[in-house]
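Okay, here's what each chain looks like letter by letter:
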Amino acid sequence: MSETAPSRTAPLRARAEIDLDALRANVRTLRALAPGAALMAVVKSDAYGHGAVRCARAAVEAGAAWLGTATPEEALALRAAGLPGRIMCWLWAPGGPWREAIEADLDVSVSGLWALREVTDAARAAGARARVQLKADTGLGRNGCQPEDWAELVTEALAAEAEGLVTVTGIWSHLACADEPGHPSIAAQLGLFREMVTHAEGRGVRPEVRHIANSPATLTLPESHFDLVRAGIALYGISPSPELGSSADLGLRPVMRLSASLALVKHVPAGHGVSYGHHYVTPGATTLGLVPVGYADGIPRHASGTGPVLVGGKWRTVAGRVAMDQFVVDLGGDEPAVGDEVVLFGAGDDNEPTAEDWAKAAGTIAYEIVTRIGTRVPRVYVNTGEQA
Ligand SMILES: *Cc1c(COP(=O)(O)O)cnc(C)c1O
C-alpha cells in the first residue's frame, strides 16, 4: 500500500481516496450513540481495505479508546507502527505469536482451553502477565466458548490469574443477526451473555470490559452496548445492511472513493461483442469506454453486466464481463475525453454510485466491496488533518 500518497490531481490509473475527516466524524457519531461505552475501532483486514495504520491513528485522534483486529499479526503491526493504547486481537490458531503479543502489550482473546494453555505458557516464558479476554459463544456458532464449557474455562483462567500469569481484562461475545432488528436471536444472545458474565463475576473474575456490540448493534441496540462497542463497517461510513437504511439515513459518511482514469474511448458499430464471452453486444452504433481496473483490483466479477459507474455526469453500467485488469462501459455515443475520471463509488453526494450500490449489483454486502479493493490500487489520504 502506498504511504507516499500522490497528490490529489496526479494522473493515476486508479485510486482509492480515503477521507480521514469522514472517518473521524463517524467515530464521533458512533461515540455519541453509545455515550456510556468506550469505542473500539475495528481495523482488521487493513481497515476493511482503507489502510490500517492511517485509519487507526485517525480513529484514536477522534476518541476511539481501543483498536481491534482479527489476527495477532495485524495487531502487532499496529503496535510496531507506534499506535499506543489498548489493542485487541481475537483470531488465533495453535502456535500463534502469544509471546510477541504479551510483549507488545496486546489484549488477546481465548475461546477455549488450548488457547488459554498456550497463552499461560507464553506468559511463564516471558515472565510477564498476559491480558486475556474470554470469548463466549452466546449463539453465533462460530468462535467462542460454548456455555457448557464456560465453567471450566473460567476455572482455568482464575487459576492462571492466581499464578500471576494472566489478567482477565474482558468477557465478550459476538452477535449473529444484529443487522436484522427484532430477530429473536438478539434477545437470546444478550440474555445468555448476561448469564455467562454473571457466572464468571460470581466466581471472582473482574473484567474491565464486557462487550458484544458490532456496528449494527451500536447503531440500533443500546441495551447491547455494555462497557465497549466494537465498530467496523460504520467507522468506514457504510451501512451494515440495507435493512438499517443508507449511510446518510444513519448519519455516516462513506470514507472511500474509488475512481479510475478512462483509458480509451472509441466508436464501434452495432452488433459488436464486448469483453470475454461476448455477453454484451452493442445494440446500435455507440462509443465504448475502457476502465482500467478489474478483478485483480477487487472489482467483483459478479458485477459483470451490472456494476454502476459515473462518467461524464452519467451513470453507466459495466458492459459484459469484468476482466482481471479492466472492464468496458457503453457510453451511448458520448465522447468523454481519455483520462476523464470514472467514479466507481464514493459518498454519493455528487451523484456517484456508492459501495452499497455495488454490493447490490454484485449480490454481496458492502463490507466485501471495500475490503476486497486490492493492493494494486494506491490509497490516497485526503483531509488528513496534517499540515500540507
Ligand atoms: C469484524 C468484527 C467486528 C466489527 O463488525 P462490524 O459489523 O464491521 O462493525 C466486531 N467484532 C468482531 C469479533 C469482528 O470480527
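Owing to the predicted nature of the structure, the values given are computational and were not obtained by experimental measurement.

Asks: With reference to specific residues and values, describe the UniProt feature "binding site: substrate" (unreviewed entry) in the protein.
Replies: According to UniProt, the positions carrying the feature "binding site: substrate" (unreviewed entry) are R142 and M324. For the residues just named, distributed over 183 residues, the greatest C-alpha separation reaches 33.0 Å, placing them at more than one site. Tracing the sequence through the fold places R142 in the loop between β6 (130-135) and α7 (147-162). When the 9 C-beta atoms within 10 Å are taken as the criterion, R142 is described as exposed. Relative to the helices and strands, M324 is located in the loop between β16 (314-319) and β17 (327-330). We classify M324 as partly exposed; it has 13 C-beta atoms within 10 Å. Apart from the residues lying within four places of it in its own chain, the contact partners of M324 are G294, Y295 and A296.

Asks: So what about the pairing of strand β18 (residues 341-345)? Which residues, and what values?
Replies: The sheet contact formed by strand β10 (residues 256-261) and β18 spans four bridges and is antiparallel. Bridge assignment links A260 to a residue of β18, and that residue is V342. Across two bridges, strand β15 (residues 308-311) lies against β18 in antiparallel orientation. In the strand pairing of β18, V311 is matched with V342.

Asks: Explain the domain arrangement of the protein residue by residue, including any values.
Replies: Each assigned domain of the protein is listed with its residue range as follows: domain 1 (34-235) and domain 2 (256-382). Just the C-alpha atoms count here: the centres of domain 1 and domain 2 sit 39 Å apart. Each partner contributes to the interface: domain 1 provides seven residues, whereas domain 2 provides eight residues. Class assignment of the residues belonging to the side of domain 1 that touches domain 2 gives a composition of two nonpolar, four polar and one charged.

Asks: Explain the UniProt feature "active site" (unreviewed entry) in the protein to me, and be specific about the residues and the numbers.
Replies: UniProt annotation of "active site" (unreviewed entry) refers to K44 and Y276 when read in the numbering used here. Across 233 residues in sequence, these annotated residues place their C-alpha atoms as far as 34.7 Å from one another, rather than forming a single compact spot. Note on placement: K44 falls in helix α2 (residues 44-48). Contact partners of K44, with chain neighbours within four places excluded, come to G68, T69, A70 and E74. In this fold, Y276 is placed in the loop between β12 (273-274) and β13 (280-281).

Asks: Quick one: what's the story with helix α6 (residues 113-126), residue by residue and with numbers?
Replies: Along an α-helix, residues three or four positions apart point the same way, because every turn accommodates 3.6 residues. Helix length check: α6 (14 residues) gives 20 Å between terminal C-alpha atoms against 20 Å at 1.5 Å per residue, within 8%. Here α6 has its buried residues at A115, L116, E118, V119, T120, A122 and A123. G127 occupies a position one or two residues after α6 and carries a positive phi of about 65°.

Asks: Tell me what's going on with the sheet that holds strand β9 (residues 228-231), and back it up with residues and numbers.
Replies: The sheet built from eight strands is open, its strands ordered β8-β7-β6-β5-β4-β3-β2-β9 with parallel pairing. Since the sheet does not close on itself, it has two edges, and those belong to β8 (209-211) and β9, each with one partner. This sheet shows a mean twist of 30° between the axes of neighbouring strands, independent of strand direction. Of the pairings in the sheet, the one linking β6 to strand β7 (residues 166-172) comprises six bridges and is parallel in character. What sits directly across from R131, in β7, is T167. Across the sheet, helix α4 (residues 72-80) touches β3 (66-69) and β4 (86-89), and the angle it forms with β4 is around 160°. Together, β6 and β7 form the strand contacts of α7, whose direction differs from that of β7 by roughly 150°.

Asks: Give me the sheet that holds β17: which residues, what numbers.
Replies: Overall, mixed pairing links the nine strands, which are arranged β11-β14-β17-β16-β15-β18-β10-β1-β19 in an open sheet. In this open sheet, the two edge strands, each paired with only one partner strand, are β11 (264-268) and β19 (379-382). Across the sheet, the mean angle from the axis of one strand to that of its neighbour is 35°, orientation sign disregarded. Pairing of strand β1 (residues 14-19) with β10 involves five bridges; the strand directions are antiparallel. Looking at the pairing, R15 lines up with S259 of β10. Each of β1 and β19 is contacted by helix α1 (residues 20-33), which is oriented at about 40° to β1, the strand it contacts most.

Criteria and cut-off values
- Residues numbered from 1 in each chain as written.
- Predicted model: local features only at pLDDT ≥ 70, side-chain atom pairs only at ≥ 80, totals over all residues.
- UniProt positions renumbered as here; feature names shortened; annotations may be inferred.
- Helix = DSSP H or I, 4+ residues; strand = E, 2+ residues; numbered from the N terminus.
- Buried ≥ 20, exposed ≤ 12 C-beta atoms within 10 Å, placed from the backbone.
- Contact = placed C-beta atoms within 7 Å.
- Pairing = 2+ DSSP bridges.
- Domains from an automatic or database assignment.
- Nonpolar A, V, L, I, M, F, W, Y, C, P; charged D, E, K, R; others polar.
- Expected span 1.5 Å × (residues − 1).
- Axes fitted to C-alpha atoms, helices over the stretch in contact; angles between N-to-C directions.

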